[in-house]
Every structure is written in structure tokens, then in C-alpha cells.
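# Results of the structural survey
These are the residues of each chain, in order.
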Amino acid sequence: MSSADSSAPSALDDLERLLIDGKAAFESAADADALEKARVTFLGLKQGRIKTAQEVLKTLPGPDRKAYGQRFNAVKTALEEACELARLRIESGQASQAVASIDLTVPGAAPRFGRRHPLTQTAEELIDIFGRMGFSLARGPEIEDTFHNFVALNIPEHHPAREPLDNFYVTPGTLLRSQTSTVQIRVMKKCQPPVRVVALGRVYRPDAVDATHSFMFHQIEGLYVDRNVTMANLKSTLRQFAKSYLGQDVTVRFRPSFFPFTEPSVEVDMQWDASGRWVEMGGAGMVDPNVLKAVGFDPEIYSGFAFGLGIERLCMRRHGIDDIRPFYQNDYRFLNQF
Ligand code: DAH
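Predicted model only: the values in this text are computed from it and were never measured.

A word on the pairing of strand S6 (residues 216-226). Within S6, ten of the eleven residues are buried, which leaves the element mostly enclosed by the surrounding structure. Where strand S5 (residues 195-204) lies against S6, ten bridges are found, and the strand directions are antiparallel. Bridge pairing in S6 links Tyr-204 to Met-216. Taken together, the eight bridges between S6 and strand S10 (residues 303-310) define a ladder with antiparallel strand orientation. Paired with Tyr-224 across the bridge in S10 is Phe-305.

Next up on the list: the site of the ligand. Taken together, 15 residues sit near the ligand, with Gln-179, Ser-181, Arg-205, Gln-219 and Glu-221 positioned nearest. One nitrogen or oxygen atom from the main chain of Ala-306 is found 3.1 Å from an oxygen atom belonging to the ligand. Cavity membership is defined here by more than half of the atoms lying within 2 Å of grid points; on that basis the ligand lies in the largest pocket. Every element with two or more residues in the shell around the ligand is listed here: S6, strand S9 (278-287) and S10. Class assignment of the residues belonging to the shell around the ligand gives a composition of five nonpolar, eight polar and two charged.

This paragraph deals with empty space enclosed by the protein. Counted according to the given criterion, the structure contains one cavity of 30 Å³ or more. What lines the largest cavity is Val-183, Gln-184, Val-187, Val-197, Val-198, Ala-199, Glu-221 and Leu-223. For the lining of the largest cavity, the secondary structure elements donating two or more residues are helix H7 (182-190), S5 and S6. Considered class by class, the residues forming the lining of the largest cavity number six nonpolar, one polar and one charged.

The next thing to look at is the sheet that holds strand S3 (residues 168-171). Strand order across the open sheet formed by three strands is S2-S4-S3, with antiparallel pairing between neighbours. The outermost strands of the open sheet, each flanked by one partner alone, are strand S2 (143-145) and S3. Taking each pair of neighbouring strands and ignoring which way they run, the sheet shows an average axis angle of 40°. Note: S3 against strand S4 (residues 174-176), three bridges, orientation antiparallel. Residue pairing for S4: Tyr-169 is matched across the bridge by Leu-175.

The rules behind the values
Every chain is numbered independently, its residues counted from 1 as its sequence is written. With the structure being a predicted model, the display of local features is reserved for residues of pLDDT at least 70 and the display and counting of side-chain atom pairs for 80 or more, all residues being used for whole-chain, interface and lining totals. Side-chain metrics in this entry use all non-hydrogen atoms of the structure; hydrogen atoms and water are not considered. Between buried and exposed lies partly exposed: a residue is buried under 20% and exposed over 50% of the maximum accessible area for its type, with that area taken using a 1.4 Å probe on protein chains only. Under the scheme used here, helices are H or I runs from DSSP no shorter than 4 residues and strands are E runs no shorter than 2 residues, and both carry numbers assigned from the N terminus. What makes two strands pair is DSSP finding at least two bridges between them. Any residue with a heavy atom positioned within 4 Å of a molecule or strand is treated as near that molecule or strand. Whenever two N or O atoms come within 3.5 Å, that pair is a polar contact, provided that in protein one can donate a hydrogen and the other can accept it, and provided that, for residues adjacent in sequence, both atoms are side-chain atoms. Points on a 1 Å grid, built from protein atoms alone, make a cavity when a 1.4 Å probe fits but cannot get out and make a pocket when they are open with protein on both sides within 12 Å along at least 5 of 7 lines; residues with an atom within 4 Å of a point are the lining residues. Being in a pocket or cavity means that more than half of the molecule's atoms lie within 2 Å of its grid points. Note on residue classes: Ala, Val, Leu, Ile, Met, Phe, Trp, Tyr, Cys and Pro are nonpolar, Asp, Glu, Lys and Arg are charged, and everything else, Gly too, is polar. Grid points are joined across faces, edges and corners, and a volume is the space filled by probe spheres set on the points. Here the axes come from fitting lines to C-alpha atoms, over the contacting stretch only for helices, and the angles between their N-to-C directions go from 0 to 180 degrees.

See below:
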């Protein structure tokens, strides 16, 4: 009885010692290797000190066994927790060390920059070129009334250009503008000569979509009204513009044509490529006296020229693109090239 009395306290003391030593070892482990060594020493299932302590249990007499068993379980759990804590501490230390060791001088992966749509780039360049020639920028709405789209442009009622099948009417008196010439009227109603503006934006026509047609495309409109403006001014302005945008070697030709709002009128062609093919760039002419009258300018005093060019065509000629559709399809592989 006395020997059992004495062995139980010393066995319990050993458990406390084991707890203190084990905790100290886990807390002082500086890296993963040291921690693993400590784990094997204290918690190892084959030769760890916890295993030895467990074997002590069997040697104890019944009455002491319960107390020892309870304490043993508590010590084992405490050591496992200390070991886990140490593992977390070491791992997070490694992570913060890894952050600290990033080499800030190594070139990074370049971010992918967005770019402006080719038509936007073209529009900006056109505004710039005409700006240098003295034209300022004007704007007008895309939903227009029939007065600006037709009446004031000398396109009378029952004119075929007003056909519902050729326009996107919104209501009987309004439509998606079919031409940027509408802006000529808006500008002249607000300003007195000299007027020298370009306007550019979307126009809409119910055309079937193919390589050269779209129900929506972009135009740049020009208008110059002053005393003594002549056809020679118009031709030299458009030639100079074409050389600036398409290159000095571009050839431009003027063909007699008809538009209700100009007299005389021309169509303007550009030579497309080395094969000598001509492609229409747009229409132009001397502002019709009826249009000047409609906005209150005296045609006896003032004259002017106007032109309307297709922006897609100019951009296509510049970049050697032969299909209009990719402009509107937002395919990154196409857009990425500009
Ligand atoms: N508005 C015409 C069209 O869309 C183009 C045009 C022709 C504009 C002659 C003009 C011009 O300013 O004078 O077909």
C-alpha cells in the first residue's frame, strides 16, 4: 500500500515534467525541422515520451490509475495543441518571410492595356487634320426631325430619299439621321458667316449588311461658308485632306453628280490600291442657294462648299481592310491590331 502511495505521486510528477518540457520544446522550435524533432520526442507513437507515460499507466495499481489516466489525457491534449500552435507559427512566419523576399527589381508581367476602337482613332485623326485646316467641331443629334434631315436640305416632300423603306423613321416626323448633313443646318441657324466646321458621327440606313454595307456607319461632314468660296477651294481642301490622312501618293478624282443640297455636286473617289481601283469616298459640292436661304444667309453675298465622307471607308483604305463588318463585331483579335 505504501509503495503504491509513493509511486502514484511521482508518476503524476513525471506527467507534469513531460508537459513542461514538451511545451518548452514546441514553443522554442524555430523551424519545421526542429518542430518535427520535438514532435517525435514528445508525441511520437513509438518512442515518444507520451508513449512511455502511457505505459506507466498499466503499471499503476487500480486506485491510482484513474487519476493518472485523466491527467495523462489532459497532458496529451495540451501537448498536441502546443505542437499545432507551433506549426501555425512557423508556417505563417515562412509566408511573411516569403513576402519579404520578393525581388522588386524583377520586371513584372506587363498589364494589358485597352485601346481605342480603330474608328475612334480615325475620327480623332480626322478632327485633328481638319482642325489644322481651320475647321472647328460641331455636333448634332442622331435622332433628327424631317426638317433638318430633309426639308432644309432642299429635299422636298415625296422625294424618293424620304422613302420609309430607305430610312429608319421613329415617328412620322423624326428618324435616325440618314446623313450628317443635318448638322450643316443646325450650325448655320446658330452662327453667322464665316462658318467653317466639321461634324462627325453615326448615320443610319436600312441597308442589308455585307462587306461594304451596314445599317449604321459613320460620316464626317464639312461645311465652309463665306464670301467668295469656290469649287477650287473645295477641291484643294479635299485633296489636301486626302494626302494628309492617306499619304502624299493618294490620287483623288471628282465626278459630276447630284445632291439636292449642293449645286454643282460631285462624288469624290480615291484610288484604292495599286490595281487602280476607284472607291467612292463621299459626296460634295457648292451649297445650294436654297439651303443658304433656308437658314437665312443671303446667297447673293455668301457662297459655300460642303462635303460628307464615309469614315469607315477612309479607315479601311488606310489600313488595307476590305470588309466593313469587323468594325462592329468587337473581336479582340481584330481590334488588337490598331
Ligand atoms: N449627305 C450625303 C450622303 O450621305 C453626302 C454629301 C454629299 C454631303 C454632298 C455633303 C455634300 O455635304 O455636299 O450621301
